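Chain by chain, the residues run as shown.
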Amino acid sequence: MVHNIAIDGPAGAGKSTVAQKVAKELSFVYVDTGAMYRAMALYLLRKGVNREKPDEIGEACQNAEISIEYQNGEQIVLLDGENVNAHLRTEEVSAMASVSSAVPRVREKLLDLQRKLARTMSVVMDGRDIGTTILPDADVKIYLTASSLTRARRRYLEYQEKGEACDLAEIQKTIEERDQRDMTREISPLCQAEDAVLVDSSELTIDETVEKILSVYHSKVSEKE
């Protein structure tokens, strides 16, 4: 039987890390929606689409086939059947993804592809509008958050580990501004779905957060069976 878990929340809440661990524990597929947007950007670049023309982007994206599989424990992003993992992190792809992701027809196309994945396999998907827009019928919806200071401290430590200069107050300010943009954007704003379970990870470790979400999942699924 296919089961879906939707994890939404603000930037820096640890959604991707937690979602991947939850997926691994349950032997589900973790769907990296960001990687799918990058694969679409790669497709558009290969087609020579003019990034300044949204109509051209919207038309060209309709024929792309993007999926996600796991091979030998590694997530593989497939573009028209080709493993494109090695091509997704270039500056060129990032720049195109930033433009193309704002085109409504691109979002609609990827929405269809993401729902198609969720219909055919058990998935964990994270983002900002998974439970409200992409998978409104998910078995389990989680709204994962943490205080802006906690999220800023996590980012601060990440930068320090990489040897990058950073300022905690500045990081917190940037996170709060990002929250405001995400919550007030016109298309699919960030918000907690009515039937989502709130998980505040401010005082929890990653493993404790994962355990809490697994507990919610097992409780919800057992209710339905």
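About the cut-offs
- Residues numbered from 1 in each chain as written.
- Predicted model: local features only at pLDDT ≥ 70, side-chain atom pairs only at ≥ 80, totals over all residues.
- Heavy atoms only, no water.
- UniProt positions renumbered as here; feature names shortened; annotations may be inferred.
- Helix = DSSP H or I, 4+ residues; strand = E, 2+ residues; numbered from the N terminus.
- Pairing = 2+ DSSP bridges.
- Contact = heavy atoms within 4.5 Å.
- Axes fitted to C-alpha atoms, helices over the stretch in contact; angles between N-to-C directions.
- Phe/Tyr/Trp six-rings, centres within 6.5 Å; stacked < 30°, edge-to-face > 60°.
- Buried < 20%, exposed > 50% of the residue type's maximum accessible area, 1.4 Å probe, protein only.
- Salt bridge = Lys/Arg side-chain N within 4 Å of Asp/Glu carboxyl O.
- Patch = residues over 30% accessible without salt bridge, like charges linked within 9 Å, V, L, I, M, F, W, Y side chains within 5 Å.
- Areas by Shrake-Rupley, 256 points an atom, 1.4 Å probe, with all protein chains shown as cover.
- Lys, Arg positive; Asp, Glu negative; His and termini not counted.
- Charge placed at Lys NZ, Arg CZ, Asp CG, Glu CD.

As recorded in an unreviewed UniProt entry, the protein chain goes by the name Cytidylate kinase, listed as coming from Blautia intestinihominis. Annotation of the protein chain in UniProt includes, under Sequence similarities (unreviewed entry), the sentence "Belongs to the cytidylate kinase family. Type 1 subfamily." Regarding the protein chain, the UniProt comment filed under Subcellular location (unreviewed entry) reads as follows: "Cytoplasm".

A. The UniProt feature "domain: Cytidylate kinase" (unreviewed entry) in the protein chain, seen in detail. Those residues carrying the UniProt feature "domain: Cytidylate kinase" (unreviewed entry) are residues 5-218 in this numbering. End C-alpha atoms of residues 5-218 are separated by 11 Å, and the span's content is 51% helix alongside 17% strand.

B. Seen up close, the sheet that holds strand 5 (residues 82-83). Spatially, the three strands line up as an open sheet ordered 3-4-5, and their pairing is antiparallel. Edge strands, defined here as strands with exactly one partner in the open sheet, are strand 3 (66-71) and strand 5. With six bridges joining them, strand 3 and strand 4 (residues 74-79) adopt antiparallel strand pairing. Within strand 4, the position partnered with I66 by the bridge is L79. Docked against the sheet, helix 2 (residues 33-46) engages strand 3, strand 4 and strand 5, running at close to 35° with respect to strand 4.

C. Quick look at the UniProt feature "binding site: ATP" (unreviewed entry) in the protein chain. UniProt annotation of "binding site: ATP" (unreviewed entry) refers to G9, P10, A11, G12, A13, G14, K15, S16 and T17 when read in the numbering used here. With respect to the helices and strands, A11 occurs in the loop between strand 1 (4-8) and helix 1 (15-26). Not counting the four nearest positions on each side in its chain, A11 is found in contact with R128, R151, R155, I175, R178 and D179. Within the secondary structure, G12 sits in the loop between strand 1 and helix 1. Apart from the residues lying within four places of it in its own chain, the contact partners of G12 are R151, R154 and R155.

D. Examining the packing of aromatic side chains more closely. Counted by the stated rule, this structure contains one aromatic pair. Here the aromatic rings of F28 and Y217 are separated by 5.7 Å at their centres, their planes lie at 90°, and the arrangement is edge-to-face. With F28 in the loop between helix 1 and strand 2 (29-31) and Y217 in helix 9 (residues 206-224), this pair connects stretches of sequence that are 189 residues apart. Residue F28 is classed as buried on the basis of its relative accessible area, which comes to 13%.

E. Just the pairing of strand 1, in detail. With respect to burial, strand 1 is a largely interior element, five of its five residues being buried. Of the two faces of strand 1, the one holding N4, A6 and D8 and the one holding I5 and I7 are both buried throughout. Judged from the five bridges that link them, strand 1 and strand 6 (residues 123-127) form a sheet pairing that is parallel. Note that in strand 6 the partner of D8 across the bridge is G127.

F. Quick look at unusual backbone geometry. Positioned with a positive phi, S27 is a non-glycine residue whose angle comes to about 60°. Residue position: S27 is located in the loop between helix 1 and strand 2. With relative accessibility at 68%, the residue S27 sits in the exposed group. The phi angle at D80 is positive, at roughly 50°, despite the residue not being glycine. Mapped onto the fold, D80 is located in the loop between strand 4 and strand 5.

G. The arrangement of the pattern of salt bridges in detail. As enumerated under the stated definition, the model contains eight salt bridges in all. Linking D195 and K141 is a salt bridge whose minimum nitrogen-to-oxygen distance equals 3.1 Å. Highlighted residues: D195 in the loop between helix 8 (168-184) and strand 8 (197-200) and K141 in strand 7 (residues 140-145), separated in sequence by 54 residues. With a shortest N-O distance of 3.2 Å, D182 and R178 are connected by a salt bridge. Pair noted here: D182 and R178 are both in helix 8, with a separation of four residues, about one helical turn. Assessed through its relative accessible area of 32%, R178 is described here as partly exposed. Each of R128, R178 and D182 takes part in salt bridges that share partners, so that together they form one network.

H. Seen up close, a negative patch on the surface. Side chains of E25, D207, E208 and E211 sit close together on the surface and give a patch of like negative charge. Residue position: E211 is located in helix 9.

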